[in-house]
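Working through the structure, step by step
Next come the chains, spelled out residue by residue.
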Amino acid sequence: MLPWSIFPRSASGADTELEAEAEASEPSGRQLSDEALVEELLATVASARSFQEFRRSQRKDCFGLLRWLQLVLPLIQEIREAAPPLPDDAYRRLALLGRTFQAARRLLRCCHDGSKIFLALESEAVLGRFRAVYEKMNLALDGMPYSEIGISDEVKEQVELINTQLKRSKKRTDTQDMELSMDFMMILQNEDGNADRAILERLAKKLELQSLADLRAETMAIKKLINERNGQQPESTKHIIELLNKFKEIAGIDEKNILGDVSIPKYLEKCPSLMIPNDFLCPISLEIMTDPVIIASGRTYERRSIQKWLDAGQRTCPKTQQPLAHLSLAPNFALKNLSLQWCEKNKVEIQMGESEPAAEQEERKEDIPSLVKDLSSVHLDAQRKAAKKIRILSKENPENRALILENGGLPALISLVSYPDKKIQENTVTALLNLSIDETNKILIAKGGAIPLIIEVLKNGSVEGQENSAAALFSLSMIDENKAAIGILGGIAPLVGLLKDGTIRGKKDAATAIFNLILNHPNKLRAIEAGIVTALLKILGNKKLGMIDEALSIFLLLASHSSCRDEVGSPSFVEILVEIVKEGTPKNKECALSVLLELGLHNNSLMVHAFGLGLNEHLSDIAKTGTSRAQRKANSLIQLSRKCS
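Residues numbered from 1 in each chain as written. Predicted model: local features only at pLDDT ≥ 70, side-chain atom pairs only at ≥ 80, totals over all residues. Heavy atoms only, no water.

Selection criterion: UniProt positions are given in the numbering used here, feature names are shortened, and annotations may be inferred rather than shown by experiment.
An unreviewed UniProt entry annotates the protein chain as RING-type E3 ubiquitin transferase of Digitaria exilis. According to UniProt, the comment filed for the protein chain under the heading Pathway (unreviewed entry) is "Protein modification; protein ubiquitination."

Next comes the structure, spelled out in structure tokens:
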């Protein structure tokens, strides 16, 4: 699991969620910079707009909410372009608008893939959630100080018109589907269990719960709802399960138990969404990524999700709204390998995209022996084509990887890594990366002498070759003896160089590899000698990279080693950490506090310096409202401050 992983809040279907959001008190002080707040607003709207299909019972309301979000967007975009310093009143209103957008996104997600039975049975409560969103949006926009933040008259008039309509919408009372409500009442009040089949069939048709596939999906959604409710609202849950079982019965499915044989995704059953590392979830689909790719903004998405976004004519990053310089999609091999290893470790089974027809798979497998033979061809073009095809085949499944090894593909690939042709280097290094997904292959690749050759590509290869070499070293370093070998063979210094001067993707791959490698103590010293402190400080100074947590996680490992601590611990670095504690995200603060505590336990003067910079003022607040780990670190630092004083 990535050490800097952020654990996202569950996209709950429970109607208490929005009430909690509405009752949350205004935050004291500014949690984000003005720029970050505006970017977060745009990213949240983009994420909410990615949901385009909704349950029938809430479809109209969802499209209405999407329309409101679209109408408010010009206000946020104009603030972003003007970038004015936000006065307190404007900041508070935009922060409230941000929380409203987040509530809207959760509501849309619930109506997108939540239980159809729950949404229909609790339709009044769900409608109340829509109204609450509109009320908060109205509260945030009503009285917005347009002149102080440089909003044009055109946008101001549009937003004021929106606000007037929002006030009207609060007074509107929607009528329920009375036939649907009566049908539910008739079914649930029938105490002998012999419900009228005609009523059940009518309900099943209205809710689109007639086919086996629909009922399987509904079972998954109800299972998720039960996990999220955690024993609360037992009567409502009981009714939902009863209705599901009745629908299964009339569909001819002999299965009464909600926990029975119907296939439930393992990550819903064993790993509630609070447990899934945020790094592995696509920002668009919020599902575990099986084919993560990096776009021009440096953000990672599931290939299918981002491709749909681009095919719809979008030319911005969904998360940051940053215009894309190009539309190329670069595979994020390091993240994919890490995700696969995490899923394997936690016994999480995920669907790896649409399966290829069996005949085509067999035909492709039959190509492997001839492709391996072509790797040793005297013709350069044949070698290039073979390396590229094996790269693709090695990515697809364990069977292909086994066939490549059985046919002597590993030594053939290793012999080509040092070939002077850059494209062959890229493809062979990437094929080795793919082969290393399987645990036993990590040892075979290292024993075959590949590590020094991969390090050479890391030093002198093409941009993609360097990035994939870093990802390959990370994958190989999952074996402890390979960690030591990579350090001894000189792999740390070029990784630090990539961290310092590489592309965004290169920096991320390098950071991931370095973190894993310096779990080996001698590699910590090698990283220090290679100038990693300077490289990490450079990353901390560039917030646009979005790698503060990664850098701090590496700093924490370095600070844990007595010989590295003096290189890391300096008054100027402590000042940076205190600034992150004051201005960073909750996860940034957690990481910064961890490093401060590690340094402070061994250097009293650094702690005195930190407390002199006003650290104490923020510790008590974090001890109450920070992440659970941040709260523990803050309390430890508070105790340490008493000793220092």
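Back to the write-up after that little detour.
**Here we look at the overall build of the protein chain**
The condition is simple: Labels follow the DSSP assignment, with helices taken as runs of H or I lasting at least four residues and strands as runs of E lasting at least two, numbered in each case from the N terminus. Three labels apply to residues, based on accessible area from a 1.4 Å probe with only protein chains included: buried if under 20% of the type maximum, exposed if over 50%, partly exposed otherwise in between. In this description, contact between two residues means that some pair of their heavy atoms is separated by no more than 4.5 Å.
Secondary structure summary: the protein chain contains 34 helices and three strands in total. In the protein chain, buried positions account for 51% of the 645 residues. Summarising the internal contacts of the protein chain: among those between residues at least 6 apart in sequence, 71% fall at separations of at least 24.

**A word on the environment of Lys643**
Among the structural elements, Lys643 can be located in helix α34 (residues 628–644). Classification of Lys643 by relative accessible area gives exposed; the value is 71%. Separated by 39 residues in the primary sequence, Lys643 and Asn604 have C-alpha atoms spaced 9.3 Å apart.

**Brief notes about the packing of aromatic side chains**
Note the following rule: Here a Phe, Tyr or Trp ring, Trp counted by its six-membered ring, pairs with any other such ring whose centre lies within 6.5 Å, and the pair is stacked when the planes are under 30 degrees apart, edge-to-face when over 60, and tilted otherwise.
Under the counting rule described, the total for this entry stands at three aromatic pairs. Seen in terms of ring centroids, Phe54 and Phe63 are 5.5 Å apart; in terms of plane orientation they differ by 85°. Their pairing is edge-to-face. A residue is classified by how much of its surface remains accessible, and Phe63, at 37% relative accessible area, is partly exposed. Taking the centre distance of 4.4 Å and the plane angle of 40° together, the rings of Phe555 and Phe573 count as tilted. With Phe555 in helix α28 (residues 548–559) and Phe573 in helix α30 (residues 571–583), the pair connects residues that are 18 residues apart, well separated along the chain.

**Quick notes on the pattern of salt bridges**
Two side chains that carry opposite charge are able to pair once their charged atoms sit near each other. Put simply, the rule reads: Every case where a carboxyl oxygen of Asp or Glu lies within 4 Å of a side-chain nitrogen of Lys or Arg is listed as a salt bridge.
Scanning all chains against the criterion turns up 17 salt bridges. In this structure, Glu302 and Arg304 form a salt bridge, with 3.6 Å as the shortest nitrogen-oxygen distance. Residue Asp421 is joined to Arg384 by a salt bridge in which the shortest nitrogen-to-oxygen separation is 2.5 Å. Pair noted here: Asp421 is in the loop between α18 (409–417) and α19 (422–435) and Arg384 is in helix α16 (residues 380–396), with a separation of 37 residues, a long-range link. Counted as one network, the salt bridges with shared partners bring together Asp291, Arg303 and Lys395.

**Considerations on the nonpolar core**
We apply this condition: We call a set of buried residues a nonpolar core when its members are Ala, Val, Leu, Ile, Met, Phe, Trp, Tyr or Cys and they connect through side-chain atoms within 4.5 Å of each other.
Grouped together as the largest cluster of nonpolar side chains are 115 residues, with contacts concentrated most on Leu432, Leu499, Ile532 and Leu552. Among the elements that line this core, the one with the most residues is α28, at eight residues. Discounting chain neighbours no more than four positions away, the residues touching Leu432 are Leu410, Leu413, Ile414, Val417, Ile445, Ala450 and Ile454. Counting 68 residues, the second-largest nonpolar core is a separate cluster that includes Leu107, Leu119, Leu166 and Leu203.

**Things to note about the packing of helix α21 (residues 450–460) against helix α22 (residues 463–476)**
The axes of two packed helices give the description: the angle between them and the distance between them. Put simply, the rule reads: Lines fitted to C-alpha atoms define the axes here, with helix axes fitted over just the stretch in contact, and angles between the N-to-C directions of these axes take values from 0 to 180 degrees. Crossings are classed by handedness, with left-handed meaning an anticlockwise turn of the near helix from the far one by less than a right angle and right-handed meaning a clockwise turn. Three categories are distinguished: nonpolar for Ala, Val, Leu, Ile, Met, Phe, Trp, Tyr, Cys and Pro, charged for Asp, Glu, Lys and Arg, and polar for the others, with Gly belonging to the last.
It is at 7 Å that the axes of α21 and α22 come closest, and there the two elements cross at 145°. The chirality of how α21 crosses α22 is left-handed. Here α21 contributes Ile451, Ile454, Ile455, Val457, Leu458, Lys459 and Asn460 to the contact with α22, which in turn contributes Gly465, Gln466, Ser469, Ala470, Ala472, Leu473 and Leu476. Residues of the contact of α21 with α22, tallied by class, amount to nine nonpolar, four polar and one charged.

**Section: the state of the cysteines**
Quick reminder of the rule: For this text, the term disulfide refers to a pair of cysteine sulfurs within 2.5 Å.
Taken as a whole and judged by the stated rule, the model has zero disulfides. The closest cysteine sulfur to the non-disulfide-bonded Cys62 is located on Cys111, 3.7 Å from its own sulfur. Classification of Cys62 as buried rests on a relative accessible area of 0%. Since its relative accessible area comes to 0%, Cys111 is described here as buried.

**Regarding the sheet that holds strand β2 (residues 300–302)**
Put simply, the rule reads: In short, DSSP must find at least two bridges between two strands for them to pair.
If you trace the three strands from one edge of the open sheet to the other, you get β2-β1-β3, paired in antiparallel fashion. Two strands bound the open sheet, and with one partner strand each, they are β2 and β3 (330–331). Two elements, strand β1 (residues 292–294) and β3, share two bridges in a ladder whose sense is antiparallel. Bridging from a neighbouring strand, Ile294 pairs with Ala330 of β3. Contacting β1, β2 and β3, helix α13 (residues 303–311) runs over the sheet at an angle of about 95° to β2.

**Brief notes about a negative patch on the surface**
Quick reminder of the rule: Patch criteria: residues need more than 30% relative accessible area and no salt bridge. Like-charged residues are merged within 9 Å; nonpolar side chains of Val, Leu, Ile, Met, Phe, Trp and Tyr are merged within 5 Å. Accessible areas in this description were obtained via Shrake-Rupley with a 1.4 Å probe; residue shielding takes into account the shown protein chains only. The charge count treats Lys and Arg as positive and Asp and Glu as negative. His and the chain ends do not count. Note on charges: their place is set at NZ of Lys, CZ of Arg, CG of Asp or CD of Glu.
Where like charges cluster on the molecular surface, the negative patch consists of Asp153, Glu154, Glu157 and Glu160. The exposure class assigned to Glu154 is exposed, which follows from its relative accessible area of 65%.

**Remarks on unusual backbone geometry**
The phi angle of most residues is negative, glycine excepted, and most peptide bonds adopt the trans form. We note that Ala83 has phi near 50°; this positive angle belongs to a residue other than glycine. Here Ala83 lies in the loop between α3 (59–82) and α4 (88–113). Classification of Ala83 as exposed rests on a relative accessible area of 57%.

**Re α21**
Heads up, the rule is: This arc is built from the directions going out from the helix axis to the C-beta atoms.
Turning to α21, its buried residues are Ala450, Ile451, Ile454, Ile455, Val457 and Leu458. An end-on view of α21 places all buried positions within 160° of arc, on one side of the element. Check the buried side of α21 and you find it contacts α18, α19, α20 (439–447), α22, α23 (480–488) and α24 (492–501).

**Comments concerning α3**
Think of an α-helix as turning once every 3.6 residues; residues three or four places apart then point the same way. As a reminder, the rule being used: A helix's residues, less one, multiplied by 1.5 Å, set its expected span. Bend is computed residue by residue as the angle between axes fitted to the seven residues ending at the residue and the seven residues starting at it.
The end-to-end C-alpha distance of α3 is 36 Å, a good match for the 34 Å that 24 residues give at a rise of 1.5 Å each. The largest bend in α3 amounts to roughly 30° and is located at Val72, with the proline Pro74 lying one to four residues further along. Within α3, burial applies to Cys62, Gly64, Leu65, Leu66, Trp68, Leu69, Val72, Leu73, Leu75, Ile76, Glu78 and Ile79. At the C-terminal side of α3, Ala83 shows a positive phi close to 50°.

**Focus on the packing of helix α2 (residues 34–49) against α4**
Under the convention used in this document: In this scheme, roughly parallel covers angles under 35 degrees and roughly antiparallel covers those over 145, while 65 to 115 is roughly perpendicular and the rest are oblique.
Interaxial distance between α2 and α4 falls to 9 Å at its minimum, and their mutual angle equals 20°. It follows that α2 is roughly parallel to α4 by the angle criterion. For the element pair α2 and α4, the recorded crossing hand is left-handed. For the pair formed by α2 and α4, the contact residues are Asp34, Leu37, Glu40, Leu41, Thr44, Val45, Ser47 and Ala48 on the first element and Tyr91, Leu94, Ala95, Leu97, Gly98, Phe101, Gln102, Arg105 and Leu108 on the second. The class makeup of the residues in the contact of α2 with α4 is 10 nonpolar, four polar and three charged.

**Section: the confidence of the model for the protein chain**
Put simply, the rule reads: The quantity known as pLDDT measures the predictor's confidence residue by residue, on a range of 0 to 100.
Per-residue confidence for the protein chain gives a mean pLDDT of 80, with 83% of residues at or over 70. Summarising per-element confidence for the protein chain, the mean pLDDT is lowest in helix α1 (residues 16–23) (36) and highest in α24 (95). Here residues 1–28 scores under 50 on pLDDT; set against residues more than four positions off or in separate chains, the count is 76 contacts. Taken as a whole, residues 354–359 scores under 50 in pLDDT and shows three contacts with residues more than four places along the chain or in a different chain.

**Details of the environment of Ile539**
Looking at the element boundaries, Ile539 is found in helix α27 (residues 532–540). Considered as a pair, Ile539 and Leu499 are 40 residues apart in the sequence and their alpha carbons are 8.6 Å apart. When residues no more than four places from it in sequence are discounted, the contact partners of Ile539 are Leu499, Leu545, Met547 and Ala551.

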